[in-house]
Amino acid sequence: YQRRVRGLSILNTLFKSRINHRPIPSYSHSLVLSTILLFSSSFHHPVVSYRNLSITTHTMSNKNIDWVTESSTILTDFEKHVIWGKGTEPPKAGEYDKFYPKQGYFACKVCKTPLYSYSAKFNSGCGWPAFDKCYVGSIKTEIDDSLSRRRIEIMCNTCGGHLGHVFEGEGFTSTQERHCVNSISVVYVPETIEKVEARVV
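The written sequence of each chain sets the order in which its residues are numbered from 1. The model is predicted, so local features are restricted to residues of pLDDT at least 70 and side-chain atom pairs to those at 80 or more, both for listing and for counting; the totals for chains, interfaces and linings are taken over all residues. Here the side-chain values reflect all heavy atoms present in the structure, with hydrogen atoms and water set aside.

S.K.: What is the right way to look at the overall build of the protein in this model?
M.R.: The helix count covers DSSP runs of H or I at least four residues long, the strand count covers runs of E at least two residues long, and both are numbered beginning at the N terminus. The helix and strand inventory of the protein stands at five helices and eleven strands. Each residue's exposure class comes from its accessible area (1.4 Å probe, protein chains only) as a fraction of the maximum for that residue type: buried when under 20%, exposed when over 50%, partly exposed otherwise. Classification of the 201 residues of the protein by burial places 39% in the buried group. It only takes one pair of heavy atoms within 4.5 Å for two residues to be counted as in contact. Excluding contacts between residues fewer than 6 apart, the proportion of contacts in the protein whose partners are at least 24 apart in sequence is 52%. The protein chains shown are the only cover counted for residues, whose accessible areas, like all others here, come from Shrake-Rupley with a 1.4 Å probe. Split by element, the accessible area of the protein, about 12200 Å² in all, is 55% carbon and sulfur.

S.K.: Could you clarify how one ought to interpret the pattern of salt bridges in this entry?
M.R.: Opposite charge on two side chains permits pairing when their charged atoms draw close. Note on definitions: salt bridges are taken to be side-chain nitrogens of Lys or Arg within 4 Å of carboxyl oxygens of Asp or Glu. Within this structure, the stated rule accounts for seven salt bridges. Among the charged side chains, a salt-bridge network with shared partners connects Glu-168, Glu-177 and Arg-199.

S.K.: Explain unusual backbone geometry here, please?
M.R.: Of note in the backbone geometry, Lys-92 takes a positive phi value of approximately 65 degrees without being a glycine. Checked against the element boundaries, Lys-92 lands in the loop between helix H5 (77-83) and strand S1 (105-108).

S.K.: For this particular structure, what's the right way to read the sheet that holds strand S10 (residues 186-189)?
M.R.: Sheet strands pair via backbone hydrogen bonds, and the direction of the pair is either parallel or antiparallel. One bridge is not enough; two strands pair if DSSP finds at least two bridges between them. Here three strands make up an open sheet; going across it, the order is S2-S1-S10 and the pairing antiparallel. Strands with a single pairing partner mark the edges of an open sheet, and in this sheet they are strand S2 (114-117) and S10. Averaged over all pairs of adjacent strands, the angle between strand axes in this sheet comes to 30 degrees, irrespective of strand direction. Strand direction decides the pairing type here: S1 and S10, joined by four bridges, are antiparallel. Counterpart to Cys-108 in the pairing with S10 is Val-186. Lines fitted to the C-alpha atoms define the axes, with helices restricted to the stretch that makes contact. Angles between their N-to-C directions range from 0 to 180 degrees.

S.K.: Explanation requested: the environment of Glu-153 in the structure shown.
M.R.: The topology assignment puts Glu-153 in strand S7 (residues 151-156). By relative accessible area, which is 3% here, Glu-153 ends up buried. Beyond its immediate stretch of four places on either side in the chain, Glu-153 contacts Lys-86, Lys-140, Thr-141, Glu-142, Asp-144, His-162, Gly-164 and His-165. A distance of 2.8 Å separates polar atoms of two side chains, one belonging to Glu-153 and the other to Lys-86. Here His-162 takes part through its side chain, which lies 2.8 Å from a polar atom of the side chain of Glu-153. Any pair of nitrogen or oxygen atoms within 3.5 Å is treated as a polar contact; in protein, a donor-acceptor pairing is required on top of that, and neighbouring residues in sequence qualify only through side-chain atoms on both sides.

S.K.: Could you clarify how one ought to interpret the side chain of Ser-117 in this entry?
M.R.: With respect to the element layout, Ser-117 can be found in strand S2. For Ser-117, a relative accessible area of 5% translates into the label buried. Only 3.0 Å separates the side chain of Ser-117 from the side chain of Ser-119, close enough to count as a polar contact. Within the structure, the side chain of Ser-117 is placed 2.6 Å from the side chain of Glu-197, a separation counted as a polar contact.

Structure below.
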């Protein structure tokens, strides 16, 4: 009985620390693991490994990251202007404008979320990298009326960084979408991943 009371106290403290974003008390790994095993067996739930618990905690905390602050020492002033200030790099000046890899994907410059596959990139001749589809759930949109005309802004769905704009019905590819993206907002990763791709609008 006393072991269960002690274990319940430990779990309650850990839970409150995560909810209130306070540092987790430094209990030993063995104590925390034994507590989890004790309660798992008591209520007939599958055993949860301490390794998986750590990963879950880390993933949950990412939802509360202040990406502007986190990237403040990494990005240049111009990168901040484009990504957080919703600016635009000059046409035909970006690193990836005429870059057409045979594998890999393009990720968000700030949080490294995968956004576009290499095969989604095409030559539109617009002066900026163009993509006709994105990984499902990776990008969010918002109406932009800043230039006295309606445009659809595209942003990273994880950190909110500005990517560019998406245009529809131009006939370049079968998806009828052209994601006009600033090179400065993304980074190329030469690795193969399997993710579902689709239109964003």
